[in-house]
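# Chain and residue survey
Here's the letter readout for the chains.
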Amino acid sequence: MSYPELLIDREKLIHNVRTILKMGQDSNVQIHFVTKCLSGWRPFLEVLHEAGVEYFADSRVENLREMSDLGLSRMMLRVPMISNANDVVRYSDLSLNSDLSAIEALSDAALALDREHGVILMVEMGDLREGFMPDEMFDVASRVLNLRGVWLAGIGANFNCYGGVIPEERQLEELSAMAEDIRRRFNVPLPIVSGGNTGSLYMLSENRLPLGITHLRVGEGYLLGIETSFRKRLHDLFTDVFTVRAEIVELRRKPSVPTGLIGPNSFNEIPVFEDRGQIWRAILAIGEQDVRCDTLEPKDSTIAFLGASSDYMMLDITHAVRDFKVGDVLEFSPDYAALLRASTSPYVEKRLV
Ligand SMILES: *Cc1c(COP(=O)(O)O)cnc(C)c1O
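Residues numbered from 1 in each chain as written. Predicted model: local features only at pLDDT ≥ 70, side-chain atom pairs only at ≥ 80, totals over all residues. Heavy atoms only, no water.

Our next topic: the pattern of salt bridges. Under the counting rule described, the total for this entry stands at 26 salt bridges. Among the ionic pairs, arginine 10 bridges to glutamate 11, the shortest N-O distance being 3.4 Å. Take arginine 10: its relative accessible area is 24%, and that puts it in the partly exposed class. Since its relative accessible area comes to 54%, glutamate 11 is described here as exposed. For aspartate 181, the salt bridge goes to arginine 184, with nearest N and O atoms at 3.8 Å. In this pair, aspartate 181 and arginine 184 are both assigned in helix 7 (residues 169–186), three residues apart and thus about one turn of the helix distant. (Salt bridge = Lys/Arg side-chain N within 4 Å of Asp/Glu carboxyl O. Buried < 20%, exposed > 50% of the residue type's maximum accessible area, 1.4 Å probe, protein only. Helix = DSSP H or I, 4+ residues; strand = E, 2+ residues; numbered from the N terminus.)

See below:
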């Protein structure tokens, strides 16, 4: 066993996945399970598949390659780089797109590799990340329909990301109407109308998802058990599938305020300190190179975060319930940002328990 480690509770994960699968089935909404937060870690992908997931989505071709033999469909989430078109077509059967020249590159790659590839056109609906402007859609759809290498699988929108825009019925009804217009104008089935990510789950769970939204892309929801528009827990989903564990390497009573002339810290920020007098401080062998420390929540709520550098995290354990010693291991609940970094760091060992 080596620390830091990222523990994944298999049974809780399976419960979350099955609950979200059922939510989709009950409303006839297809869900691609987004796996980018676990960096294509094969044992994790296998648990999802075992839980019943057939539709996988990821933002990296390296991760999609890891799941080539799993499930019925693999969707590329990040709009493809032209330089990467071959791998996108090789490792995914659907991709989200917002640029015509990239779609042309996918079409050429699909013809060369003799593969089917479905294109989903992203529409800008306020969050200001990827997407064509709404008034471009007819023209783009018509051009994609003229390409021989790809088929027009659908349209979609993204929310809750750059702009933090919460998807509401209003935008999703607009998206659904846009899909209907494209179907009528070009006489195509356009099966996928992708109404967002975990931030749209609150509508699905309240049976308010507008008619005509046929698809969602869900990551954080099944991982952390919450919807991300209002950050409420979803049904009976577990919010503690993941645990980060790290070891104490120093434990000492020290002042809470540094002495000397204060300049920038290791990340070139001028730190500010609250004088709590002498405190019991634990230094843990985990740092910014392993995880995002300030959003890692100690499971013992009496423990307070003080600061972190590349390799160390400092905690105030003065009020902790347990009596700690050097060598003890502390447990934390990661949020999305902490989980993403922990999973991506080669220094953090992932373990299914
Ligand atoms: C990451 C991502 C998702 C998943 O978002 P969650 O909030 O984790 O559900 C969906 N769509 C796109 C385009 C993404 O990049």
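Let us keep going from here.
For the coordinates displayed, the defined rule picks out three aromatic pairs. Measuring from centroid to centroid gives 5.0 Å for tyrosine 202 and phenylalanine 230, while their planes differ by 90°, and the two rings are edge-to-face. Of this pair, tyrosine 202 sits in helix 8 (residues 201–205) while phenylalanine 230 sits in the loop between helix 9 (220–224) and strand 10 (242–255); the two residues are 28 residues apart in sequence, bridging distant segments of the chain. What makes tyrosine 202 buried here is its relative accessible area of 6%. Judged by relative accessible area, phenylalanine 230 falls into the partly exposed class, the value being 43%. The positively charged end of arginine 65 is found above the aromatic ring belonging to tyrosine 91, 5.8 Å away from the centroid. (Phe/Tyr/Trp six-rings, centres within 6.5 Å; stacked < 30°, edge-to-face > 60°. Lys NZ or Arg CZ within 6 Å of the ring centre and 35° of its normal.)

Quick look at the domain arrangement of the protein chain now. Domain annotation of the protein chain identifies domain 1 (10–224) and domain 2 (242–352). With twelve residues of domain 1 at the interface, the matching set in domain 2 holds eleven residues. Between domain 1 and domain 2 lies a buried interface of about 1,100 Å² when both sides are counted; carbon and sulfur atoms form 77% of it. Counting the contacts that link domain 1 with domain 2 gives zero salt bridges. (Domains from an automatic or database assignment. Contact = heavy atoms within 4.5 Å. Buried area = accessible area lost by both parts, 1.4 Å probe.)

Bringing the pairing of strand 10 into the picture now. Of the pairings in the sheet, the one linking strand 1 (residues 5–8) to strand 10 comprises four bridges and is antiparallel in character. Directly across from leucine 6, in strand 10, lies its bridge partner valine 244. (Pairing = 2+ DSSP bridges.)

Taking 1.5 Å as the rise per residue, helix 5 (residues 100–113) with 14 residues should run 20 Å; its terminal C-alpha atoms sit 20 Å apart, in good agreement. Of all the positions in helix 5, only Leu100, Ala102, Ile103, Ala105, Leu106, Ser107, Ala109 and Ala110 are classed as buried. Residues of helix 5 that are buried sit in contact with helix 4 (85–91), strand 5 (94–97), strand 6 (117–122), helix 6 (137–145) and strand 7 (150–156). Downstream of helix 5 by one or two residues, aspartate 114 has phi in the positive range, about 55°. (Expected span 1.5 Å × (residues − 1).)

With respect to spatial proximity, 13 residues lie near the ligand, and among them Lys36, Thr198, Arg217, Gly219 and Glu220 are the closest. Here an oxygen atom of the ligand and a backbone polar atom of glycine 219 are 2.8 Å apart. In terms of residue class, the shell around the ligand is built from four nonpolar, four polar and five charged. (Near = heavy atom within 4 Å. Polar contact = N/O pair within 3.5 Å; in protein donor to acceptor, adjacent residues only side chain to side chain. Nonpolar A, V, L, I, M, F, W, Y, C, P; charged D, E, K, R; others polar.)

With that settled, the discussion passes to the side chain of serine 107. On the secondary structure map, serine 107 appears in helix 5. Serine 107 gets classed as buried once you look at its relative accessible area, which sits at 2%.

Moving on: the environment of valine 165. Along the chain, the position of valine 165 falls in the loop between strand 7 and helix 7. Exposure remark for valine 165: the relative accessible area of 23% places this residue in the partly exposed category. Distance in space between the C-alpha atoms of valine 165 and glycine 126 is 6.7 Å, their sequence separation being 39 residues. When near neighbours in sequence (up to four residues on either side) are disregarded, valine 165 contacts Gly126, Asp127, Phe159, Asn160 and Gln171.

Below, the discussion takes up unusual backbone geometry. Of note, the amide linkage connecting tyrosine 3 to proline 4 takes the cis form, showing an omega dihedral of 0°. A positive phi angle, near 55°, is found at asparagine 207, a position not held by glycine. You can see asparagine 207 is positioned in the loop between helix 8 and strand 9 (215–218). Here asparagine 207 falls in the exposed class, since its relative accessible area comes to 67%. Backbone geometry places histidine 235, a non-glycine residue, at a positive phi of 40°. In this structure histidine 235 comes out as partly exposed when scored by relative accessible area, which is 47%.

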